[in-house]
Amino acid sequence: MQRLASADPDFPARFEALVADTREEGPDVAGTVAAIIAQVRSAGFPAIAELTHRFDGIAIDQATVEVTPAERRAAAAALPQAVRDALETAAQRIRAFHERLRPADLEMTDALGVRMGARYRPVARAGLYVPGGRAAYPSSLLMNAIPAAVAGVDEIVIATPTPGGALSPAVMAAAEIAGVARIFRVGGAQAIAGLAFGVAPLPRCDTIVGPGNIWVAEAKRQLYGTVGIDMVAGPSEVLVVADASARPDLVAADLLSQAEHDPSAQAILMTDSAALADAVVAEVERLLPRLATEAVARESWARHGVVILLRSLSEAPPLIDALAPEHVELMVRDPAPLFGAIRNAGSIFLGETTPEAIGDYVGGPNHVLPTGRRARFASGLSVLDFMKRTTWLAAGDAGLQALGPVAATLAEAEGLPAHALSLRLRSR
């Protein structure tokens, strides 16, 4: 675990190194994924079957790769009612929030009588990747599938790894609640390639979304252009900004809630209180042995945990913007000034009563968020990731006569005579 202090002479250099370290894949991952994609492209489903057997330990063929409706119902029926009720509550809140994000079509007429606008239409088919390696995450399924359904996508399909062949009751129930049409027991880069190319019986998708490991993220990056994607996601991140009023045990628990995701996850504390910083570090050590995920969380904290001591919290906003974290928690007496000053963050959680974990499940906003400093230019998953904006224009005769000669002049200046001709032939 690193400790930085803004008062130290070497702070700028050490902080810049922190910003530069996104904890993501190297060239070896890119090369391996490129080989998998090429194998799926050339060999088709046999390549997917071979890779699934190699990585997940299950044998599939074209008849068994899709989870049947009976299998889905049987698995979902094994879910405890309390968990299903929790999934229903989460789904209702996610749906309500994303319905408010659905964009409206636009139409306007200018002073020349030219009509113009934009209309939004959903993609026909969306592929959702649901992780199933370290753990099965039904919450991720809801966060991916419900915005797609709200957008009006015709068909929602899922690819999810099933190591050992077992189906997750929670994932199957979440798929039922969210209205998922089809589920395929395929994971990894081969699943992304199968959905991008349409390797039967996996259908070809217009867009693929959802978090995954470095192999999945790299496959999405390489296949962008063949298929739309939401983002390239990396290891999870949280930055907790806390003042002396914060409870050290709550801060420590929130840091560990991200550290337990993955050894490459990152938890950062930023504070103006040296006493709080010391207390939080002690609380992390006290709480770690209580976690079933201690090994993962401890490795993440040891390798990537950071405590940054500031002279004043007024120093925080530009540092936060440089880190552009996936999650920011503002555990301070009055979060409003900091909240207003932050430009770059995937999602912000205001006050001690709003831990990031509530946003993972039942808050309403999406938990699929940009990582690896990408909140500088990217946003969390929403209905917009499943929709296309088409602009339209109707000039009319008056508009054409007023604007045509101007456009023709510009076309001629750019050396495009056919453009100019198409305009001048219409001009009186």
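Up top is the structure these notes are about.
Residues numbered from 1 in each chain as written. Predicted model: local features only at pLDDT ≥ 70, side-chain atom pairs only at ≥ 80, totals over all residues. Heavy atoms only, no water.

A. Layout of the packing of helix 10 (residues 248-259) against helix 11 (residues 274-287). Look at helix 10 against helix 11: their axes get within 8 Å of each other, and the N-to-C directions meet at 60°. Comparing the axis directions of helix 10 and helix 11 gives the class oblique. Regarding helix 10 and helix 11, the two cross each other, and that crossing is right-handed. In contact with Pro 248, Asp 249, Val 251, Ala 252, Ala 253, Leu 255 and Leu 256 of helix 10, helix 11 contributes Leu 276, Ala 279, Val 280, Glu 283, Val 284, Arg 286 and Leu 287. (Axes fitted to C-alpha atoms, helices over the stretch in contact; angles between N-to-C directions. Helix = DSSP H or I, 4+ residues; strand = E, 2+ residues; numbered from the N terminus. Parallel < 35°, antiparallel > 145°, perpendicular 65-115°, else oblique. Left-handed = near helix turned anticlockwise from the far one by under 90°. Contact = heavy atoms within 4.5 Å.)

B. Representation of unusual backbone geometry within the structure. For the peptide bond that leads from Ala 200 to Pro 201, omega is 10°, which places it in the cis range. Its location among the elements puts Pro 201 in the loop between helix 8 (188-197) and strand 7 (207-209). We note that Ala 324 has phi near 45°; this positive angle belongs to a residue other than glycine. Tracing the backbone through its elements, the reader meets Ala 324 in the loop between helix 13 (316-323) and strand 12 (327-331).

C. Summary view of the pattern of salt bridges. Summed over all chains, the structure comprises 21 salt bridges. Between Arg 125 and Glu 155 there is a salt bridge, with the nearest N and O atoms lying 2.5 Å from each other. Of the two residues, Arg 125 is situated in strand 4 (residues 125-129) and Glu 155 in strand 5 (residues 155-159); the sequence distance between them amounts to 30 residues. With a relative accessible area of 25%, Arg 125 lands in the partly exposed category. (Salt bridge = Lys/Arg side-chain N within 4 Å of Asp/Glu carboxyl O. Buried < 20%, exposed > 50% of the residue type's maximum accessible area, 1.4 Å probe, protein only.)

D. Main features of the pairing of strand 9 (residues 237-242). For strand 9, the tally of buried residues reaches six of six residues, placing the bulk of the element in the interior. Because side chains alternate across strand 9, one face comprises the buried residues Glu 237, Leu 239 and Val 241, and the other comprises Val 238, Val 240 and Ala 242, equally buried. In the sheet, strand 9 pairs with strand 10 (residues 266-271) via six bridges, with the strands oriented parallel. Within strand 10, the residue paired with Val 241 across the bridge is Met 270. Handedness of the crossover is the feature at issue here: the chain leaves strand 9, passes through helix 10, returns alongside strand 10, and the resulting connection is right-handed. In this structure, strand 9 lies alongside strand 12, joined through five bridges in parallel fashion. Looking at strand 12, one finds that Val 238 is bridged to His 327. (Pairing = 2+ DSSP bridges. Right-handed = clockwise from strand over helix to strand, strands pointing away.)

Don't take any of this as a statement about function, it's just geometry.
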